[in-house]
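Listed here are the chains, written in short residue letters.
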Amino acid sequence: MNRKRIALKCLKAGFVGLVLLLLYAPILLLAVYSFLDTNTIGTAGSFSFVHYAQLFQNESVLKMIGNTLLLAILSATLSTVLGTAGAIGIHYSKKRTRTLMTGVSQIPIINAEIVTALALAITFVAVGLGKSYFTLLIGHMVICTPFVILSVLPKLKQMDNSLYEAALDLGASPLSALFKIVLPQIIPGIISGFMLAITLSLDDYIVTFYTRPAGFDTISTYVYSATMKGNAHTAQTLSSFWALTTIIFVVILGVVLAANLAGRKKEKNK
């Protein structure tokens, strides 16, 4: 019996390990070659920071990274405000309205992203809006806001509604009760929605491609142009993306680990 349990545990561990290997092997491969002085994967090289130096010396790449980060933070902030307000409105609506609005808010999540992108592009043309930073920002908010709503709604359902009602009975205005009672209880959901919105904005290509103004690049569009139009980019520029990928992966990994450690610390304190 013990042998069967051990074998089953080993099988489960092996399966999980295989899945993790398939998911992270390409990233780890790029990370390894980002520290080698070769411009071609598969060739030998010596340890070097040349790709990182090239990354930070390339003004166009630095501008692209700045554009991406600014867009992600701005769209995530606006999406978080809009999504939080929408989740609160859905939560306190009547049952039929709540069911309808919940379903409508999930359409951009279920729908294919290419359909959303084309619909946005057609809508902007129909109302006379040319491609600009504003249309790009709206496009990112459309794909980010539903995920914020999904992150905040569970926290609202877990909230103790009696506290909000007690605040109203004691003379607090609805707005004051909202900021002092409701929002502090759903902060974890708001933070999760904000981080998810940033990730979605950083990762998006399709909506960005159909809504961005001419000459504006994010990481996704820049990398796509570099790989599809190799004659316009040197091998050194392409290999500097290995360093960029490694930096992004390390930063995201650090944020996730920090969030998990903070969550465990709070649970122990409780």
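This report concerns the structure included in the present document. (Residues numbered from 1 in each chain as written. Predicted model: local features only at pLDDT ≥ 70, side-chain atom pairs only at ≥ 80, totals over all residues. Heavy atoms only, no water.)

1. Describing the overall build of the protein chain
Right, on to step 1. A tally of regular secondary structure across the protein chain gives 13 helices and zero strands.
Right, on to step 2. Mapped in sequence order, the helices and strands of the protein chain form the string α-α-α-α-α-α-α-α-α-α-α-α-α.
Right, on to step 3. Considering only C-alpha atoms, the protein chain reaches an extent of 70 × 70 × 30 Å along its principal axes.
Right, on to step 4. With 270 residues in all, the protein chain has 31% of them scored as buried.
Right, on to step 5. For the protein chain, restricting intrachain contacts to residue pairs at least 6 apart in sequence, the fraction spanning at least 24 positions comes to 71%.
Right, on to step 6. For the protein chain, the computed accessible surface area is about 16800 Å², with 69% contributed by carbon and sulfur atoms.
Right, on to step 7. Distance between charge centroids for the protein chain: 13 Å, based on 21 positive and 10 negative side chains. (Helix = DSSP H or I, 4+ residues; strand = E, 2+ residues; numbered from the N terminus. Buried < 20%, exposed > 50% of the residue type's maximum accessible area, 1.4 Å probe, protein only. Contact = heavy atoms within 4.5 Å. Areas by Shrake-Rupley, 256 points an atom, 1.4 Å probe, with all protein chains shown as cover. Lys, Arg positive; Asp, Glu negative; His and termini not counted. Charge placed at Lys NZ, Arg CZ, Asp CG, Glu CD.)

2. Details of the packing of aromatic side chains
Where two aromatic rings form a pair, the distance of their centres and the angle of their planes describe that pair.
Right, on to step 1. Evaluation of the coordinates by the stated rule reveals 10 aromatic pairs.
Right, on to step 2. Aromatic pair F209 and Y210: ring centres 5.4 Å apart, planes at 85°, arrangement edge-to-face.
Right, on to step 3. Relative accessible area serves as the criterion here: at 25%, Y210 is assigned to the partly exposed category.
Right, on to step 4. The rings of F35, F47, F49 and Y52 are connected pair by pair, giving a single aromatic cluster. (Phe/Tyr/Trp six-rings, centres within 6.5 Å; stacked < 30°, edge-to-face > 60°.)

3. Points about a nonpolar patch on the surface
Right, on to step 1. Together, F15, V16, V19, L20, L23, Y24 and L28 make up an exposed nonpolar region whose accessible area comes to about 660 Å².
Right, on to step 2. Within the secondary structure layout, V19 lies in helix α1 (residues 2–33). (Patch = residues over 30% accessible without salt bridge, like charges linked within 9 Å, V, L, I, M, F, W, Y side chains within 5 Å. Salt bridge = Lys/Arg side-chain N within 4 Å of Asp/Glu carboxyl O.)

4. Observations concerning the pattern of salt bridges
Right, on to step 1. For the coordinates displayed, the defined rule picks out one salt bridge.
Right, on to step 2. A salt bridge links D217 to R212; the nearest nitrogen and oxygen atoms lie 3.3 Å apart.
Right, on to step 3. By relative accessible area, which is 22% here, D217 ends up partly exposed.

5. As for the packing of helix α2 (residues 50–57) against helix α3 (residues 59–91)
When two helices pack together, their arrangement is given by the angle between the helix axes and the distance between those axes.
Right, on to step 1. At a minimum axis distance of 5 Å, the contact between α2 and α3 shows a crossing angle of 75°. Accordingly, the angle class assigned to the pair α2 and α3 is roughly perpendicular. On α3, the residues that touch L55, F56 and Q57 of α2 are E59, V61, L62 and I65.
Right, on to step 2. For the contact of α2 with α3, the per-class residue count stands at five nonpolar, one polar and one charged. (Axes fitted to C-alpha atoms, helices over the stretch in contact; angles between N-to-C directions. Parallel < 35°, antiparallel > 145°, perpendicular 65-115°, else oblique. Nonpolar A, V, L, I, M, F, W, Y, C, P; charged D, E, K, R; others polar.)

6. Points about helix α6 (residues 113–126)
Right, on to step 1. For α6, which comprises 14 residues, the first-to-last C-alpha distance of 20 Å matches the rise-based estimate of 20 Å (1.5 Å per residue) to within 8%.
Right, on to step 2. Among the residues making up α6, those that are buried are T116, A117, L120, A121 and F124. Considered in projection along α6, the buried side chains sweep an arc of 130° and stay on one side of the axis. Among the exposed residues of α6, those oriented more than 90 degrees off its buried face are I122, V125 and A126.
Right, on to step 3. Next to the buried residues of α6 lie α7 (133–158) and α11 (206–211).
Right, on to step 4. Once α6 finishes, G128 follows within two positions and takes phi at roughly 85°, a positive value. (Expected span 1.5 Å × (residues − 1). Arc of directions from axis to C-beta.)

7. Thoughts on the layout of surface pockets
Right, on to step 1. If you add up the space inside the largest pocket, you get close to 1500 Å³.
Right, on to step 2. Forming the boundary of the largest pocket are 42 residues, of which M195, T199, L202, I252 and V255 lie nearest the centre.
Right, on to step 3. Those elements that provide at least two residues to the lining of the largest pocket are α2, α3, α7, α10 (187–203), α12 (219–228) and α13 (235–269).
Right, on to step 4. When residues of the lining of the largest pocket are assigned to their parent elements, the largest contribution, 16 residues, is made by α13.
Right, on to step 5. For the lining of the largest pocket, the residue count by class is 29 nonpolar, eight polar and five charged.
Right, on to step 6. Of the volumes computed, that of the second largest pocket is approximately 180 Å³.
Right, on to step 7. Taken together, P108, I109, N111, A112, E113, T116, I143, F147, L200, D203 and D204 make up the full set of residues lining the second largest pocket.
Right, on to step 8. Put simply, the parts of the chain that give the lining of the second largest pocket at least two residues each are α5 (107–110), α6, α7 and α10. (1 Å grid on protein atoms, 1.4 Å probe; cavity = no way out; pocket = protein on both sides within 12 Å on 5 of 7 lines; lining within 4 Å. Points joined across faces, edges and corners; volume = space filled by probe spheres on them.)

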